Amino acid sequence: MIAAFSLLVLCQLIGEFLVRLARVPVPGPVVGLLLLLGFLAWRGRVPEAVQSTSRGLLTHLSLLFVPAGTGVMLHMHRLRTEWLPVIAALVAGTAITLIVTVLVFLAVSRLTGASIAARK
Amino acid sequence: MPQAISSIWVYLSASPLLWLTATLWAYLGAHWLHERSGRNPLVNSVSIAVIALIAVLLATGTQYETYFQGAQFVHFLLGPATVALAVPLYNHWATVRRLILPMTVALAAGSVTAIASSVGIAWAVGADPITLKSLASKSVTTPIAMAVTEQIGGLPSLTAVFVILTGILGAIMVTPLFNAMRIRDMRARGFAVGLAAHGIGTARAFQVSDVAGAFAGIAMALNGIVTAVLVPLLANMF
């Protein structure tokens with residue numbers, strides 16, 4: 001578990017280093033994700049420790065949002081004054097995104113004939 | 001005796017240990033409630049834990065900065081957790097390759113729609129620039145969304161709130177919406193909810209079908225990457 005965690009933070013560290021070196025506006029952990037994906041592809045399998053450590057982190061992903069979410073107490077004033085645009089953007093934006101994504105996915109999979117296999 | 005207790009309280013309330021412990025227990029309590037409710041998406045563990053913690057902080061007159069001294073140890077794990085998203089993505093790699101075309105096109109369309117619709121609507125109804133920047137990445141998983149917002153000069157903690165609300169909304173909407181549209185392809189349904197509503201949408205998809213859940217997980221990871229690249233590029237243009 002320590003070895004797997006060390007691998008995760010190493011990927012993140014290299015990611016942070018690379019985005020600063022290349023001055024690209026991408027979060028370091030995202031580059032770390034791609035590095036780990038590359039590493040797994042190169043190994044050809046996921047080592048058991050990496051599998052279980054990442055499952056452990058991802059099953060309780062919600063916990064990790066709590067400290068940042070609590071930061072909403074700093075923004076009460078903003079939310080009180082801008083609740084209308086915020087609610088409108090969240091509700092309508094999420095519905096539109098769901099509809100566009102599902103329709104495009106279906107249209108393209110029909111065009112390419114990929115839909116026949118797993119229709120049921 | 002009361003004086004001894006109050007001086008211990010003064011010491012502990014400023015220590016990271018107390019607020020780290022409070023964060024963990026608030027989450028465990030909220031998670032228990034979520035399980036008890038039959039994993040009802042309306043009983044969201046993050047929002048319950050946050051409300052409980054804010055109530056305690058306000059009641060004890062504790063500043064958010066003091067709280068964060070302890071909570072930062074949990075917050076720090078967001079980075080490694082983002083890296084760990086590579087594992088489910090790799091596990092489903094065969095499926096990703098087989099459906100690469102519909103997924104790529106739906107990913108591009110959905111990702112742009114998520115950013116443009118939320119920022120566009122909020123702008124039209126009159127939100128200020130900081131709020132707009134904090135809204136742009138609301139559809140992707142919190143660690144990525146917060147990092148993106150930080151990069152373009154929004155408020156990461158405001159983004160966290162938007163992301164969580166988006167996840168809850170997506171999880172509530174998805175089943176009635178797609179049933180009304182008569183969409184039966186679970187791959188398409190899962191992909192859409194993972195893209196639009198990240199981890200909370202993915203958790204919901206797994207309750208409906210395993211196939212939907214797997215596709216939701218893939219969409220969440222892919223949209224995280226695409227949004228992380230797109231939003232800073234778009235922000236530089238405007």
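All values derive from a computational prediction rather than experimental measurement.

A. Expanded view of the overall build of chain B. Looking only at helices and strands, chain B has 13 helices and zero strands in total. Ordering the α and β elements of chain B from the N terminus gives α-α-α-α-α-α-α-α-α-α-α-α-α. For chain B, whose C-alpha radius of gyration is 20 Å, the value lies close to the compact-globule estimate of 18 Å for 238 residues. Principal-axis analysis of the C-alpha atoms places the extent of chain B at approximately 70 × 45 × 35 Å. Looking at chain B as a whole, 54% of its 238 residues qualify as buried. Pairs at least 24 residues apart make up 63% of the contacts formed inside chain B by residues separated by at least 6 positions.

B. Region of interest: the interface of chain B and chain A. If you look at the interface, chain B gives 92 residues, while chain A gives 66 residues. With 15 residues, helix H11 (residues 156-180) of chain B is the largest single contributor of residues to the side of chain B that touches chain A. The class makeup of the residues in the side of chain B that touches chain A is 66 nonpolar, 21 polar and five charged.

C. The nonpolar core, seen in detail. If you look at the biggest cluster of nonpolar residues, it comprises 112 residues, and the most contacted ones within it are Val66 and Phe105 of chain A together with Ala86, Phe191 and Ala192 of chain B. Counting residues per element, this core draws most heavily on helix H13 (residues 210-237) of chain B, at 14 residues. When sequence neighbours within four positions are dropped, the list of residues in contact with Ala192 of chain B reads Leu98, Thr101, Val102 and Phe105 of chain A together with Gly110 of chain B.

D. Helix H4 (residues 64-76) of chain B, seen in detail. Of all the bends found along H4 of chain B, the most pronounced is centred on Gly70 of chain B and spans about 55 degrees. Along H4 of chain B, the residues classified as buried are Tyr67, Gly70, Ala71, Val74 and His75 of chain B. Buried residues belonging to H4 of chain B abut helix H4 (61-70) of chain A together with helix H2 (16-36), helix H3 (45-60) and helix H5 (78-84) of chain B.

E. Region of interest: the environment of Gln63 of chain B. All names here are of chain B. Considering the arrangement of structural elements, one finds Gln63 in the loop between H3 and H4. What makes Gln63 exposed here is the crowd of 12 C-beta atoms within 10 Å. Considered as a pair, Gln63 and Val43 are 20 residues apart in the sequence and their alpha carbons are 27 Å apart.

Cut-offs and rules
Residues numbered from 1 in each chain as written. Chains lettered and ligands numbered in written order. Predicted model: local features only at pLDDT ≥ 70, side-chain atom pairs only at ≥ 80, totals over all residues. Helix = DSSP H or I, 4+ residues; strand = E, 2+ residues; numbered from the N terminus. Rg over C-alpha atoms; globule rule 2.2 N^0.38 Å. Buried ≥ 20, exposed ≤ 12 C-beta atoms within 10 Å, placed from the backbone. Contact = placed C-beta atoms within 7 Å. Nonpolar A, V, L, I, M, F, W, Y, C, P; charged D, E, K, R; others polar. Core = buried A, V, L, I, M, F, W, Y, C linked by C-beta atoms within 7 Å. Bend = angle between axes of the 7 residues up to and from the residue.

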